[in-house]
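A closer look at the structure
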Amino acid sequence: MKLPEEIELNILNALGLSDLYTNPIIYQNKIEILRRQLINLSQGFIKNQPVASKFPDAYFCFNFPQNFVKSIIIMKKLFSLYKILPSSEYKILDIGCGEGAGMFGLYYYLSKQIPGCKFFLKGVDINHTIIKRCELTAGWFKQTDYNFVIQVINEPAIKFINSDTEYYNFIVLANSITEIFPNEQIPLSFIQSLMSLLKENGIIIIMEPALKTQTRRLMELRNVLIRKKNCVILLPCLHNNDCPALKRKKEWCHQSIKWIPPEYLKIINQKLFRKIEYLKFSYLIIANKEYETISGFYPVISRLAIEKGRLRCLICTADGIIDLIRFNKEKSMKNQDFERISMGDIIGIDDIIKSREGIWKVSKNSVIKRLDF
């Protein structure tokens, strides 16, 4: 997965780096400034300080492309695994929208799948500086899509939710739950308030950093929602049993998906030495109705372990966490996708050997199909 080229070029123009790839020498000072700002951003985040508006260019250049692609990946998973009928019109609400990467990623994916569809986007945030960037970024899509309409509102999330009277196909919260509820469990009443704004077939997408505390909060919220039985969990799990990973105190179910970072990020990162080859995040998708699913697929919740004579990973099933193993001697064309598995993948499994409780073995006749995101 990579950032669409048109989005990459728009980011370069917004940062004043339009000719970076053809004449990089003239941008060295600008690049060094962005590097220093990214260091300051990281230090501010570690100290839990609101520094995004102090260094808007650095925040935008580093976070926007990653969050944009994360949103597309989530939508690809959702539409690959569930039979969701297309609509001629979509209303998307982004709570704590920031620069809009969450809702713009959803829009971009849907617009490519359903040409000519009408889109009404609404972003809500309290940060005036970041909202200005969101409005400028929306201009990219307005120029080429006359069916694109957006409204950006400078208002606290809770106040807006309690007063809004519209209904939405999608409500997205991209890295904003932690800001709304920094040190407490996510209230069930908050999710219920969001659900009251959904259309009949509406969906809520919550995306958070892949940190243990935030991720386990989402896992706990998932369990509470399942027990209340007033909604349906679509992803990251493909079952509606209690989360088996919550029983393991050291586990947190997050994504680590390989992508191709844009070239300008690679250039900026040359002296920062950050690991930018993987998109790491956790997420939860909530719906107010059942959707027909494609059976036989399971999420991978660990890295692929390369051991002596075998490969193994962990998958999440309705029966709990399963250790999936393929011995080297069982390698075949049917199961070769096993070698490409990474944490966060969704894999189809057919003709597996369930050798004993908690362990499935891949044979030469087993079919492993990895959904490519």
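On a predicted model such as this, the values are computed, not experimentally measured, just so you know. (Residues numbered from 1 in each chain as written. Predicted model: local features only at pLDDT ≥ 70, side-chain atom pairs only at ≥ 80, totals over all residues. Heavy atoms only, no water.)

A few words on the overall build of the chain. Across its full length, the chain carries ten helices and 16 strands. Over its C-alpha atoms the chain spans a radius of gyration of 21 Å, differing by no more than 12% from the 21 Å that the globule rule assigns to 373 residues. If you line up the chain on its principal axes, its C-alpha atoms span 60 × 50 × 45 Å. Scored against the burial criterion, the 373 residues of the chain give a buried share of 54%. (Helix = DSSP H or I, 4+ residues; strand = E, 2+ residues; numbered from the N terminus. Rg over C-alpha atoms; globule rule 2.2 N^0.38 Å. Buried < 20%, exposed > 50% of the residue type's maximum accessible area, 1.4 Å probe, protein only.)

So, on to the packing of helix α3 (residues 56-81) against helix α5 (residues 128-144). Helix packing geometry: the angle between the two helix axes and the distance between the axes. Contact geometry of α3 with α5 gives a least axis separation of 12 Å together with a crossing angle of 55°. The orientation of α3 relative to α5 falls into the category oblique. Note that α3 runs across α5; the crossing there is right-handed. When α3 is examined against α5, the residues Pro 56, Asp 57, Tyr 59, Phe 60, Phe 64 and Phe 68 are found in contact with a partner set consisting of Ile 130, Arg 133, Thr 137, Trp 140 and Phe 141. (Axes fitted to C-alpha atoms, helices over the stretch in contact; angles between N-to-C directions. Parallel < 35°, antiparallel > 145°, perpendicular 65-115°, else oblique. Left-handed = near helix turned anticlockwise from the far one by under 90°. Contact = heavy atoms within 4.5 Å.)

One can find Asn 365 in the loop between β15 (359-362) and β16 (367-370). When near neighbours in sequence (up to four residues on either side) are disregarded, Asn 365 contacts Lys 334 and Asp 351.

Moving on to helix α9 (residues 212-228). Given a rise of 1.5 Å per residue, 17 residues ought to cover 24 Å, and the 24 Å separating the end C-alpha atoms of α9 matches this to within 8%. Regarding α9, the residues found buried are Gln 214, Thr 215, Arg 216, Arg 217, Leu 218, Met 219, Leu 221, Arg 222, Asn 223, Leu 225 and Ile 226. Backbone geometry just after α9 places Lys 229 at a positive phi near 60°. (Expected span 1.5 Å × (residues − 1).)

Membership of the largest hydrophobic core comes to 81 residues, with the highest contact counts inside it found for Phe 68, Leu 78, Phe 104, Phe 170 and Ile 203. Sort the elements by how many residues they give to this core and α3 lands first, with 14 residues. Judged by nonpolar contacts, the second largest core, of 30 residues, contains Phe 160, Leu 188, Ile 191 and Leu 221. (Core = buried A, V, L, I, M, F, W, Y, C linked by side-chain atoms within 4.5 Å.)

To continue, consider the environment of Cys 253. Looking at the element boundaries, Cys 253 is found in the loop between β6 (232-235) and β7 (255-258). When the C-alpha positions of Cys 253 and Met 219 are compared, they lie 7.6 Å apart, and in sequence the two are 34 residues distant.

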